[in-house]
Amino acid sequence: MSDPSLVRFRVAVQGALAHLESRRQEINDLNVFPVADGDTGDNMALTLRAVLAELDRLEAEAGDRTVDEIGRDEIVQTVARAALLGARGNSGVILSQLIRGAAEELVSRPGELVDPVLLGAAFANAAQRAYASVRAPAEGTMLTVMRDMATSIAHDLAHLPEDQRRLASADPEAQNAMIGAALERAIVAGEASVKRGPELLPALREAGVVDAGGYGVIIIFAGIVAALKGEAPELDHYAAARVSHPEHDSETYRYCTNFAVTGNGLDAQNFVGKLEDIGDSVLVVGDDATLKVHVHTDDPEQATLVFDGAGEVSRLDVADMHAQVVERAERLESANGNGHGAAAHGEAGPETRCGVLAVVRGDGLTALFESLGARVLDGGPTLNPSTMEILAGIHDVPAEEVVVLPNSPNVFMAAERAAELSDKKVRVVASRSQQAGLAAAFALNADRSADDNAAAMQEALDAVRTGGVAPAARQDPEGRFTIGDAVGYVGDDLVAWGEPDKTLQIVLGQLSADAELVTCIEGEGAPLDGNAVAALAPAGVELELEDGGQPSWWWLLAAE
């Protein structure tokens, strides 16, 4: 049986995370500062998940040992480190520093029971630690909210009678009640601080929102109070401001880049200036053995090279903020068009175990992959995204593990490199074409691991034959065809050329040998309509026609 103190701490964190998850999309939609990328709720949830996972580990290993036998220092250090390594984005990193600051204060007073006096000291140290982590703190944000809550607790302590400030015994019910009452008063001050945010920060005022991170802090503490009471969270008397200007944009760099650095004798200040030379929104926090780095930049790899020779870089996570801003704006425009604000959005649930990232080109193909549950990365006209674009795509897949479908041999190396760099578990399945990738995507089971999904997808690839017909982009040196003539392939082999109908008929004939079903995906400018294509299919073969919208290929074909 684990120490009751550790169990209660875990219950409090679990309550905070549960409430945050229930309001996560609402927090995301409020997010406009420093970038309107709509991920503040996601990032704060990641930090709390990391803390909860560490507490689960400690509880499992504790056995019959008490907190004091395990060592309060060890608990604080491991929990603070877990929060640091799990943090992503400005809000996640700052939240990790709030947790670290509070934990440091709690462990610095051995033998003291956690009561409003110790809680006030923890809040004060948390706010101080968070402010110190930011080079240019902006008022009106979660920093201000936490400081105002700490000030409120200190003010209360000066006016409360002794029996409401100090805990006389370690009775769990009395402790929960006393801490809960102190936190409820602090939440009231925090709510007022959140409401004042737009007066302090023009970006919030212009967008018609309160600060997402500050609002998230209130949500977290409301969840803790509910857990202490054993009740459902109550926060109905304060509703987030309506998002009235979802078109708010930012001129910031493209990639939100996060990674960890482990080594010896690390000094955060030695690296800040170099990171600011290549980006902004720089946060470098941690200790001499482990640093967590956050920077907005156009060159994530250059950011990691700043630490070349200083330590080992790991847990690299790259998010495409330009794409996130567009997605957030589109989501809010649609919601507001239906008469709903940020608070009315659907609640985002926890991530699934495994998802798929598919490199795709064409509106129809995008819709086909998305209908199978895949996240799509636009491969551009040549279907050849960069490593960092793939890494950002992996980040955007709402799953713990990811399988990447490159859908072109040209993408294999970039996909493998992105898989190596990602802080998620990633497997690359070598799909050589979009139609092959589509067959593989059918094998996705979100509840399986990336390893199991990759194996199932490879099996699906082994069972499919592919081909296609395209307009020739150049003159054939042997004189068989000229620019614009149809050229037909089975696999990588050129098997037919000339008129589109005859070429397609030959490809269909060769591809459909021993096949029961052939999928035909029509691309841009295809010179035959669906009826004409269907008439070319061999007898006894079912032809399934789809609109792909892909460039360069009139028809992409897959036989099963």
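In what follows, the accompanying structure is described. (Residues numbered from 1 in each chain as written. Predicted model: local features only at pLDDT ≥ 70, side-chain atom pairs only at ≥ 80, totals over all residues. Heavy atoms only, no water.)

### With respect to the layout of surface pockets
A probe as big as a water molecule, rolled over the atoms, marks out the empty space that is left. In this structure, the second largest pocket spans a volume of roughly 940 Å³. If you trace the second largest pocket, you find 33 residues lining it, with R432, Y489, S552, W553 and L556 closest to the centre. Elements with a contribution of two residues or more to the lining of the second largest pocket: α19 (434-441), β9 (465-471) and β10 (486-490). At five residues, β9 tops the list of elements feeding residues into the lining of the second largest pocket. In terms of residue class, the lining of the second largest pocket is built from 14 nonpolar, 14 polar and five charged. (1 Å grid on protein atoms, 1.4 Å probe; cavity = no way out; pocket = protein on both sides within 12 Å on 5 of 7 lines; lining within 4 Å. Points joined across faces, edges and corners; volume = space filled by probe spheres on them. Helix = DSSP H or I, 4+ residues; strand = E, 2+ residues; numbered from the N terminus. Nonpolar A, V, L, I, M, F, W, Y, C, P; charged D, E, K, R; others polar.)

### Thoughts on the side chain of N125
Residue placement: N125 occurs in helix α7 (residues 116-133). In this view, N125 contacts G101, E104 and E105; residues no more than four positions away in its chain are not counted. (Contact = heavy atoms within 4.5 Å.)

### Some words on helix α12 (residues 212-229)
Between its first and last C-alpha, α12 extends 26 Å over 18 residues, near the 26 Å set by a 1.5 Å rise per residue. When you tally the buried positions in α12, you get 16 out of 18 residues, the bulk of the element. Among the residues of α12, the N-terminal cap falls to D211, whose side-chain oxygen and the backbone nitrogen of G213 are separated by 3.3 Å. Looking one or two places after α12, you find G230, whose phi comes out positive at around 70°. (Expected span 1.5 Å × (residues − 1). Buried < 20%, exposed > 50% of the residue type's maximum accessible area, 1.4 Å probe, protein only. Polar contact = N/O pair within 3.5 Å; in protein donor to acceptor, adjacent residues only side chain to side chain.)

### Describing the side chain of S96
Relative to the helices and strands, S96 resides in helix α6 (residues 89-107). A polar contact of 2.5 Å, which involves the side chain of S96, links it to the backbone oxygen of V93. Within the structure, S96 has its side chain in polar contact with the side chain of Q97 (distance 3.2 Å). The residues touching S96, leaving out its near neighbours within four places in the chain, are T47, A83, L84 and A87.

### Describing the nonpolar core
A general tendency of soluble globular proteins is for nonpolar side chains to be buried together. F123, M149, L183, V217 and F221 are the most contacted members of the largest nonpolar core, which has 72 residues in total. The element best represented in this core is α12, accounting for eleven residues. Excluding residues within four positions of it along the chain, L183 makes contact with L119, F123, F221, I224, V225 and L228. Counting 38 residues, the second largest nonpolar core, distinct from the first, contains V261, L275, V404 and L421. (Core = buried A, V, L, I, M, F, W, Y, C linked by side-chain atoms within 4.5 Å.)

### As for the sheet that holds β10
Taken in spatial order, the six strands make up an open sheet running β11-β10-β9-β14-β12-β13, and their pairing is mixed. Two strands bound the open sheet, and with one partner strand each, they are β11 (493-498) and β13 (542-547). Each strand axis lies, on average, 20° off the axis of its neighbour in the sheet, ignoring direction. The sheet strands contacting α19 are β9, β12 (517-522) and β14 (555-559), and the helix crosses β14 at an angle near 45°. (Pairing = 2+ DSSP bridges. Axes fitted to C-alpha atoms, helices over the stretch in contact; angles between N-to-C directions.)

### Quick word on the environment of G491
Examined against the element boundaries, G491 turns out to sit in the loop between β10 and β11. A sequence separation of 23 residues divides G491 from G468, and the C-alpha atoms of the two residues are 8.2 Å apart.

### Looking at the pairing of strand β1 (residues 255-263)
Along β1, seven of the nine residues are buried, which leaves the element largely enclosed by surrounding structure. Sheet analysis places β1 next to strand β3 (residues 290-297), joined by eight bridges and oriented antiparallel. Residue pairing across strands places V261 opposite L291, the latter belonging to β3. Here β1 runs beside strand β4 (residues 311-320); their pairing, made up of eight bridges, is antiparallel. Paired with G263 across the strands is G311, a residue of β4.

### Let's talk about the sheet that holds β3
Each strand in a sheet pairs with its neighbour through backbone hydrogen bonds, running either in the same direction (parallel) or in the opposite one (antiparallel). What the four strands build is an open sheet, ordered β2-β3-β1-β4; its pairing is antiparallel. The outermost strands of the open sheet, each flanked by one partner alone, are β2 (279-286) and β4. For this sheet, the mean angle separating the axes of adjacent strands, direction not counted, is 15°. Running over the sheet, α6 touches β1, β2 and β3 and is turned about 25° from β2.

### Quick look at unusual backbone geometry
Put simply, F33 and P34 share a cis peptide bond, and its omega is 0°. Mapping P34 onto the fold places it in the loop between α2 (24-30) and α3 (40-62). In this model, S281 sits at a positive phi of 55°, which is unusual for a non-glycine residue. On the secondary structure map, S281 appears in strand β2.

### Examining the pattern of salt bridges
Going through the model one piece at a time under the given rule, you end up with 25 salt bridges. One salt bridge in this structure joins D476 and R480, with 2.8 Å as the shortest N-O distance. Taking relative accessible area as the criterion, D476 reaches 6% and is therefore assigned buried. A network of salt bridges, in which partner residues are shared, links E21, R24, D42 and R49. (Salt bridge = Lys/Arg side-chain N within 4 Å of Asp/Glu carboxyl O.)

### Remarks on helix α20 (residues 450-462)
Under the 1.5 Å per step criterion, the end-to-end length of α20 is 18 Å for 13 residues, consistent within 8% with the ideal 18 Å. Considered for burial, the residues of α20 that qualify are A450, N453, A454, A456, M457, A460 and L461. The buried side chains of α20 occupy one side of the element, clustering within an arc of 165° when seen end-on. Turned more than 90 degrees away from the buried face of α20 sit E459 and D462, all of them exposed. On its buried face, α20 is in contact with β5 (352-360), β7 (399-405), β8 (425-428) and α19. (Arc of directions from axis to C-beta.)

All we've got here are geometric facts, nothing functional implied.
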